[in-house]
Amino acid sequence: KAQQLCGIRSDGETKRMVEFRHSLGLLLHFTSSPALSDNVVVDVEWLLTVTSALLHPLSTDDPEFKDHFQLLHTHGVLLESLAVHIWSTRCSQLSTPMTDEQRQFLFSLMEHLSVFFPTGVRTSPGEDKPSSR
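Calculation rules
- Residues numbered from 1 in each chain as written.
- Predicted model: local features only at pLDDT ≥ 70, side-chain atom pairs only at ≥ 80, totals over all residues.
- Heavy atoms only, no water.
- Axes fitted to C-alpha atoms, helices over the stretch in contact; angles between N-to-C directions.
- Helix = DSSP H or I, 4+ residues; strand = E, 2+ residues; numbered from the N terminus.
- Parallel < 35°, antiparallel > 145°, perpendicular 65-115°, else oblique.
- Left-handed = near helix turned anticlockwise from the far one by under 90°.
- Contact = heavy atoms within 4.5 Å.
- Nonpolar A, V, L, I, M, F, W, Y, C, P; charged D, E, K, R; others polar.
- Expected span 1.5 Å × (residues − 1).
- Core = buried A, V, L, I, M, F, W, Y, C linked by side-chain atoms within 4.5 Å.
- Buried < 20%, exposed > 50% of the residue type's maximum accessible area, 1.4 Å probe, protein only.

Engineer: I keep staring at the packing of helix α3 (residues 44-55) against helix α5 (residues 80-90) and nothing clicks. Help me out?
Structural biologist: A packed helix pair is summarised by two numbers, namely the angle formed by the two axes and the spacing between the axes. As a packed pair, α3 and α5 sit with axes 9 Å apart at the nearest point and diverge in direction by 120°. Compared by their axis directions, α3 and α5 come out oblique. The element α3 and its partner α5 pack so that their crossing is right-handed. Taking contact as the criterion, the partners of Val50, Ser52, Ala53 and Leu54 in α3 are, on α5, Ala83, Ile86, Trp87 and Arg90. Looking at the contact of α3 with α5 residue by residue, the classes come out as six nonpolar, one polar and one charged.

As structure tokens, then:
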């Protein structure tokens, strides 16, 4: 447990330590959102890398995702499968592969910051969830 490794004796101490480091800009903690409050971003550069990969996708050459990129560029709709594809290709320099929990956190964060919005629209039966940017 992280508390034991750091010599922290209580949840209150943990909370104060996270708040202090957040106030210094050493980590990110979003307490105003229940969907985000259980997460702490200790590697801010990681967050910038994965976010910028979505906001500035480079390649539309992959024929499997051509329609997905077209939807993104013409209507501002980002399908979850395209986001996963972009992260797996653009963020290959990350030290470990992105987990499902991290992906969900990123979508929740971008919704919280009003960068993406769930549309509730499906492009076809069984298609993954879209978000609009």
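Engineer: It is not clear to me how helix α2 (residues 11-23) should be interpreted in this structure. Could you clarify?
Structural biologist: An α-helical turn contains 3.6 residues, so a residue and the one three or four places further along point in the same direction. The end-to-end C-alpha distance of α2, which contains 13 residues, comes to 18 Å, matching closely the 18 Å that a straight helix rising 1.5 Å per residue would cover. Trailing α2 by a residue or two, glycine 25 shows a phi angle of about 80°, which is positive.

Engineer: Where do I start with the environment of leucine 109 in this structure?
Structural biologist: Topologically, leucine 109 is positioned in helix α6 (residues 100-112). Residues leucine 109 and leucine 36, spaced 73 residues apart in sequence, show a C-alpha to C-alpha distance of 6.8 Å. In this structure leucine 109 touches Phe30, Leu36 and Leu47, once residues within four positions along its chain are discounted.

Engineer: How should I be thinking about the nonpolar core in this particular structure?
Structural biologist: Taken as a class, soluble globular proteins show a tendency for nonpolar side chains to be buried jointly. Core analysis: the biggest nonpolar cluster contains 24 residues, and Val50, Leu54, Leu78, Leu82, Ile86, Trp87 and Leu106 have the highest contact counts within it. Contributions of two or more residues to this core are made by α3, α4 (66-75), α5 and α6. Once residues within four sequence positions are removed from consideration, tryptophan 87 is found in contact with Val50, Ala53, Leu54, Ser92, Met98, Arg103, Leu106, Phe107 and Met110.

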